[in-house]
Amino acid sequence: MADLNTLTLAQARDALRKGETTAQELTQSCLTAIEGAAALNAFVHHTPERALEAAAAADARLAKGDAPAMCGLPIGIKDLFCTKGVPSQAGSRILEGFLPQYESTVSQNLLDSGAVMLGKLNMDEFAMGSSNETSVYGDAVNPWRRKDDSAALTPGGSSGGSAAAVAADLCLAATGTDTGGSIRQPAAFTGTVGIKPTYGRCSRWGIVAFASSLDQAGPMTKTVRDAAIMLGAMAGHDPKDSTSADLPVPDFEAALTGDIRGKKIGIPKEYRMEGMPAEIEKLWADGVAMLKDAGAQIVDISLPHTKYALPAYYVIAPAEASSNLARYDGVRYGHRAALDQGDGITEMYEKTRAEGFGPEVQRRVMVGTYVLSAGFYDAYYNRARRVRTLIKKDFEDVFADGVDAILTPATPSSAFALGQMKDADPVAMYLNDVFTVTVNLAGLPGVAVPAGLDANGLPLGLQLIGRPWAEADLLSTAYALEQAAGFVAKPDKWW
Amino acid sequence: MLDLTYDTPKPRVIAGAKYDWELVIGMEVHAQVSSNAKLFSAASTKFGAEPNANVSFVDAAMPGMLPTINEYCVEQAVRTGLGLKADINLHSAFDRKNYFYPDLPQGYQISQLYHPIVGEGEVLVEMGDGTARLVRVERIHLEQDAGKSIHDMDPNMSFVDLNRTGVALMEIVSRPDIRGPEEAAAYLGKLRQILRYLGTCDGNMQSGSMRADVNVSICRPGDYEKYQATQDFSHLGTRCEIKNMNSMRFIQAAIEVEAKRQIAIVEAGGAVQQETRLYDPDRNETRSMRSKEEAHDYRYFPDPDLLPLVIEQAWVDHIGATLPELPDAKKARFLNDFGLTDYDASVLTADLDSAGYFEAVAQGRDGKMAANWVINELFGRLKKDESTITQSPVSPGQLGQIIDLIASDAISGKIAKDVFEISYTTGRDPAEIVETEGMKQVTDTGAIEAAVNDIIAANPDQVAKARENPKLAGWFVGQVMKATGGKANPKAVNQIVAAKLKP
Amino acid sequence: MSIDESTAARVAKLARIKVEPEALPALAGEFNTILGFIEQLNEVNVDGVEPMTSVTPQVLKRRADVVADGDQQAKVLANAPDAREGFFAVPKVVE
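In this text the structure is predicted, and so the values were computed from the model without any measurement. (Residues numbered from 1 in each chain as written. Chains lettered and ligands numbered in written order. Predicted model: local features only at pLDDT ≥ 70, side-chain atom pairs only at ≥ 80, totals over all residues.)

(A) Local environment of the overall build of chain C. From N to C terminus, chain C includes 3 helices and 3 strands. Taken from N to C terminus, the helices and strands of chain C fall in the order α-α-β-α-β-β. Going through the 95 residues of chain C one by one, you find that 33% of them count as buried. (Helix = DSSP H or I, 4+ residues; strand = E, 2+ residues; numbered from the N terminus. Buried ≥ 20, exposed ≤ 12 C-beta atoms within 10 Å, placed from the backbone.)

(B) Inspection of the overall build of chain A at higher detail. If you tally the helices and strands in chain A, you get 15 helices and 11 strands. The C-alpha radius of gyration computed for chain A amounts to 21 Å, which stays within 12% of the reference 23 Å derived for 495 residues, consistent with globular compactness. Projecting the C-alpha coordinates of chain A onto the three principal axes gives extents of approximately 70 × 55 × 50 Å. Every one of the 495 residues in chain A was classed for burial, and the buried ones make up 66%. Counting contacts in chain A only where the partners sit at least 6 residues apart, residues at least 24 apart contribute 77% of the total. (Rg over C-alpha atoms; globule rule 2.2 N^0.38 Å. Contact = placed C-beta atoms within 7 Å.)

(C) Structural context of helix H5 (residues 160–167) of chain A. The element H5 of chain A is largely enclosed, with a buried count of 8 among its 8 residues. Among all positions of H5 of chain A, only Gly-160, Gly-161, Ser-162, Ala-163, Ala-164, Ala-165, Val-166 and Ala-167 of chain A are buried.

(D) Local environment of the interface of chain B and chain C. At the interface, 41 residues of chain B touch 32 residues of chain C. Those elements giving two or more residues to the side of chain B that touches chain C turn out to be strand E3 (69–70), helix H1 (71–83), strand E10 (157–161) and strand E17 (309–310) of chain B. Per-class residue counts for the side of chain B that touches chain C are 23 nonpolar, 14 polar and 4 charged. Two elements, E3 of chain B and strand E1 (residues 62–63) of chain C, share 2 bridges in a ladder whose sense is parallel. Bridging from a neighbouring strand, Asn-70 of chain B pairs with Arg-63 of chain C of E1 of chain C. (Nonpolar A, V, L, I, M, F, W, Y, C, P; charged D, E, K, R; others polar. Pairing = 2+ DSSP bridges.)

(E) Here's a closer look at the interface of chain A and chain C. The partner chain C presents 38 residues to the 58 residues of chain A that form the contact. Within the residue set of the side of chain A that touches chain C, elements represented by two or more residues are helix H9 (309–324), helix H10 (345–356), helix H11 (359–372), helix H12 (377–400) and helix H13 (426–430) of chain A. Among the elements that line the side of chain A that touches chain C, the one with the most residues is H12 of chain A, at 11 residues. When its residues are assigned to classes, the side of chain A that touches chain C shows 29 nonpolar, 15 polar and 14 charged.

(F) Layout of unusual backbone geometry. Following Gly-157 of chain A, the chain continues into Ser-158 of chain A via a peptide bond in cis, with omega recorded as 5°. Looking at the element boundaries, Ser-158 of chain A is found in the loop between strand E3 (116–121) and H5. Within the chain, Phe-126 of chain A stands out as a residue other than glycine whose phi angle is a positive 55°. One non-glycine residue, Asn-244 of chain B, lies in the positive phi region at around 60°. By the secondary structure assignment, Asn-244 of chain B is in strand E13 (residues 240–245).

(G) Fine view of the nonpolar core. Ranked by internal contacts, the top residues of the largest apolar core, which has 280 residues, are Ile-75, Val-116, Leu-464 and Leu-475 of chain A together with Val-214 of chain B. In this view, Leu-464 of chain A contacts Ala-405, Ile-406, Leu-407, Gly-446, Val-447, Val-449, Leu-474, Thr-477, Ala-478 and Leu-481 of chain A; residues no more than four positions away in its chain are not counted. Among the nonpolar cores identified, the runner-up in size contains 29 residues, and Val-361, Val-374, Val-394 and Met-439 of chain B belong to it. (Core = buried A, V, L, I, M, F, W, Y, C linked by C-beta atoms within 7 Å.)

(H) Structural context of the confidence of the model for chain C. Residues and elements named next belong to chain C. Residues of chain C with pLDDT of at least 70 account for 98%, and the chain-wide mean is 94. At the level of individual helices and strands, chain C shows its lowest average pLDDT in helix H2 (residues 24–38), which scores 94, and its highest in helix H3 (residues 73–77), which scores 98. Among the scores for the predicted complex, ipTM is 0.97 and pTM is 0.93. (pLDDT = per-residue confidence, 0-100.)

(I) Structural context of the sheet that holds strand E5 (residues 193–196) of chain A. All names here are of chain A. Overall, mixed pairing links the 11 strands, which are arranged E1-E3-E2-E4-E6-E5-E10-E11-E9-E7-E8 in an open sheet. Looking at the sheet topology across the chains shown, the edges are occupied by strand E1 (43–46) and strand E8 (297–301). Within this sheet the neighbouring strands show an average axis-to-axis angle of 30°, counted without direction. Sheet analysis places strand E7 (residues 264–268) next to strand E9 (residues 405–409), joined by 2 bridges and oriented parallel. Bridge assignment links Gly-266 to a residue of E9, and that residue is Ile-406. (Axes fitted to C-alpha atoms, helices over the stretch in contact; angles between N-to-C directions.)

(J) Here's a closer look at the sheet that holds strand E9 (residues 148–150) of chain B. Taken in spatial order, the 4 strands make up an open sheet running E9(B)-E10(B)-E3(C)-E2(C), and their pairing is antiparallel. Bordering the open sheet on either side are E9 of chain B together with strand E2 (83–84) of chain C, each of which pairs with just one other strand. Pairing of E10 of chain B with strand E3 (residues 87–91) of chain C involves 4 bridges; the strand directions are antiparallel. Residue pairing in the sheet places Val-160 of chain B in a bridge with Phe-88 of chain C of E3 of chain C.

(K) A look at the environment of Leu-198 of chain B. Residues and elements named next belong to chain B. On the secondary structure map, Leu-198 appears in helix H2 (residues 181–198). Separated by 180 residues in the primary sequence, Leu-198 and Lys-18 have C-alpha atoms spaced 47 Å apart. Look past the residues within four positions of Leu-198 in its chain and what remains in contact with it is Arg-79, Thr-80, Gly-83 and Pro-324.

(L) Here's a closer look at helix H16 (residues 473–483) of chain B. All names here are of chain B. Looking only at H16, the buried set comprises Phe-476, Gln-479 and Val-480. Buried residues along H16 cover an arc of 100° about the axis, so they all sit on one side. Set apart from the buried face of H16 by more than 90 degrees, the exposed residues are Gly-474 and Lys-482. Those residues of H16 that are buried lie in contact with helix H14 (445–458), helix H15 (460–468) and helix H17 (490–501). Looking at the residues trailing H16, positive phi occurs at Gly-485, about 65°. (Arc of directions from axis to C-beta.)

(M) Structural view of the packing of H1 of chain B against H2 of chain B. All names here are of chain B. Interhelical geometry of H1 versus H2 gives an angle of 125° and a closest axis separation of 10 Å. With respect to H2, the element H1 is oriented oblique. Handedness of the crossing formed by H1 with H2: right-handed. Packed against H1, whose contacting residues are Arg-79, Thr-80 and Gly-83, the element H2 presents Ile-194, Leu-195 and Leu-198 at the interface. The residue inventory of the contact of H1 with H2, partitioned by class, reads 3 nonpolar, 2 polar and 1 charged. (Parallel < 35°, antiparallel > 145°, perpendicular 65-115°, else oblique. Left-handed = near helix turned anticlockwise from the far one by under 90°.)

(N) Broad picture of the pairing of E7 of chain A. Residues and elements named next belong to chain A. With 5 bridges joining them, E7 and E8 adopt parallel strand pairing. In the sheet register, Ile-265 faces E8, and the bridge partner there is Ile-298. Once the chain exits E7 it traverses helix H8 (residues 278–293) before rejoining the sheet at E8, and the crossover so formed is right-handed. (Right-handed = clockwise from strand over helix to strand, strands pointing away.)

(O) Just the packing of helix H1 (residues 5–14) of chain C against H2 of chain C, in detail. Residue and element names in this part refer to chain C. Between H1 and H2, whose axes approach to 9 Å, the crossing angle comes to 90°. By the angle between their axes, H1 is roughly perpendicular relative to H2. Residue-level contacts link Glu-5, Ala-8 and Ala-9 of H1 to Leu-24, Pro-25, Leu-27, Ala-28 and Phe-31 of H2. Split into classes, the residues belonging to the contact of H1 with H2 amount to 7 nonpolar, no polar and 1 charged.

(P) Focus on the environment of Asp-161 of chain B. With respect to the element layout, Asp-161 of chain B can be found in strand E10. Assessed through the 21 C-beta atoms surrounding it within 10 Å, Asp-161 of chain B is described here as buried. Spatially, the C-alpha atoms of Asp-161 of chain B and Asp-103 of chain B are 7.2 Å apart, while their sequence positions differ by 58 residues. Each residue touching Asp-161 of chain B, except ones within four places of it in the same chain, is listed here: Pro-51, Asn-52, Gly-147, Lys-148 and Ile-150 of chain B together with Phe-87 of chain C.

(Q) Molecular detail of the pairing of strand E6 (residues 216–221) of chain A. Residue and element names in this part refer to chain A. In terms of burial, E6 is a largely internal element, 6 of the 6 residues being buried. Here 2 bridges tie E5 to E6, and the two strands are oriented antiparallel to one another. Counted as the bridge partner of Val-193 is Thr-221 from E6.

(R) Quick look at the environment of Pro-116 of chain B. All names here are of chain B. Among the structural elements, Pro-116 can be located in the loop between strand E6 (108–111) and strand E7 (121–126). A C-alpha to C-alpha distance of 7.9 Å links Pro-116 and Phe-94, two positions 22 residues apart in sequence. Filtering out sequence-adjacent residues up to four positions away, Pro-116 remains in contact with Asn-89, Ser-92, Arg-139, Ile-140 and His-141.

Now the structure itself:
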């Protein structure tokens, strides 16, 4: 058997059930891989004792024949999820030392289904970023490098640590969250699979909020099958989250037929952006051909308001964030600034938040504050919400025309070098989300599937967008694409 | 229902140094919903717990915590709206009001700015002199209460207790229809009475269950009528908001002193600044709350953690069907069915317990007599004990017995008071008291005649005097009553004495 | 719409983030870049379009009025930078 840490969830699950290995061996294999991967800076809080304990418990369950979906499978948890008694900082200094007294619903669901948590994963601070460079823990590093080039690349963001860890086989899978592309862009940058489910599919309770109307948790895995397995374990109605959907969770894995004959796949012309790299253009065309070969019907569609998704997002997300992050005030948890003689409550707030939040978070909180402030609310916030209505309607129209899924590139480029965007203006970085953000605004499910390598040998991903609540169908289409693309490349181990 | 009709009261006029001024007042009343759990969390609302004991992670705004709405609080807001004859909005939504304060853990208060659950309603405010003001209610919305900051436990620190954080409040916003300090107090009193009838708020002002922000402005006589005709606020003066008042007495004093402050400013050629002020009862003055003023830009926006609140008309109808009879209707009925005076009807309908007690006593009896006994004897006696109607040792049935005993001439009104006192102190049944203590009135004229004869025989001098001056007959009556232990029927005694003394 | 330094300072104040005066010009510049990007929204015809209230078709569920939380003072205070006698302690608030 290959190194246990390189197994997929499905492979490991089957091996465990057959008794070919144990959860403790699997876990130990991952812990060893993590120890050797400090250079990736993917895991930022390690919980090996807890992991081995959970693995032992999982082995006991397996022995009794009581093995739920994720039983004994070692995974990493994004630092955005509050995990009871384990540091949960959202990649921010302001939550330094914070030990939640509660477990997020999604991580609890995973634990309940037998998963073994190895530790917490690096991320952009408060999930604000597309390169994992805004983290208080420092950059997470992509295990992939350009051919003949040792420059450190970004694993993408905000779920950069999750993507790097899965791509480097430090864990079998990881949780991510996606507000504007934070699961799908890092998945595409690391040759992994990431699905952002329909808004409301996974509970947001216990996940540090960035932008409440956009945030969704989802799995980051090595294969589409693994995404199906893990999403099934994460999802479900949660009465503690008012926006959680009271709908049954289908058996996503059972739905993976890969039979997409007769399915209507829409190709939106507005995603053919000016200046799109030829490689991305080609990847997209290849993807179209693969789905066609698999029997799908390809139709050209129009999503006319696509261009306005990113600007609308950069009003709505900061606005919600400015309010969601008001609770980080140094009163009840986390960092509190040392005060000077005579400093009052206002100074405490201002110093605490200036010290606790990094520059990108500060910038977005202030932009959000501005767009909600008196006199600008209608011009910015309400207008953005109206545009959001139009963006959602674009999708509703094409789905009403019988389109089952939409195929687009996942990112406008392959992974770029860490530090490369350092001097660029903030908007240049925001453009990373150009293909993914519409999906969050419309509340739809979207999955990134690795589909090829660029000339530098870096992975590239395609995105499939599905109808609301149709993750099972979407994953089946993704499965067909995955089979056709036959992406098997792995990064050369340099770390 | 019988409508109550009243004249409109005159607005309060304050004479300035130069001109006469009228007052224009609007109120925002915060009424705590009587619920077990908080509006958006399952922590208890109980008053007086250990600090931070009634706090969930949601209330403490721990990272990732989310609100879920308490159905009962929604129901109580609807009930209140129906009680104020207001429109119920089947679609409403929650907004965040953003500001930083240590006792506001989220950094925002969840409220309903754009789409409140209750729209326009009204409150009839009787002034007790035959006049009443119909005050329009603009809206009622649901919102979270804040926590409590304690500033006097440490010289350098403030201490924060989040027990109140997240308790459901109804903010009841009136139009600027209130025209004087007394009306303001009466409005609050009437609102309190209605909420207590509805059971939606306990109305306890001391514990902060009801508090009011009072908006005060002044205008010259005639300007208010222009505003009324056009709803154009420019006819009114600039208003100041006096925050967080929880005493009727202080509200009146604060309005008075604030109006005078504004008059002085305007008459001196200045302009009133729109601002939030605080009333200091020790110095009887209002002062600016600059801390609240500084850069207050609440950046309201719809709370993305909550979906729109959609309620069903059938549910509203069901709540409407379970509304109790409200004060105005009850008072009208008391006036009509029992022939009470306006004053007595007001006193007896002040709260449900009094009204219920009275009705039980008055059932099948003389209403006026029942009112008289409840108000004068029972309330008077309870007041002496600093007790309340719910603690009355005399049950309505027992008080009814007393009235029945009087009506059947079994006891006199005077003896009845003694019977009442015995019943009040011992809880014994009046009928039994009268029987056991031999307090039954003597109506046997033979017995009374014998007593009269005895007294006449024993007091020849008095008889002579009385024959000259019939007014002295009272002395004989008194003697007879004394001799019969007060049990003789006074009417019979009077008649017999008068007959016997006839020359 | 152009943001000057005093607006940037006002926004920082409103957001309770201390920004040193020398950092204000750069901050204002960044705001302007971002707002310039956002201005694109003005190209969209939104006449008669309702602002989105919620992206999901679900309606708000209501929970029963049952006390099932709280009574956990120690846990509530466990992460506090400064807790005293059951309270959160903060620098004196002057009203």
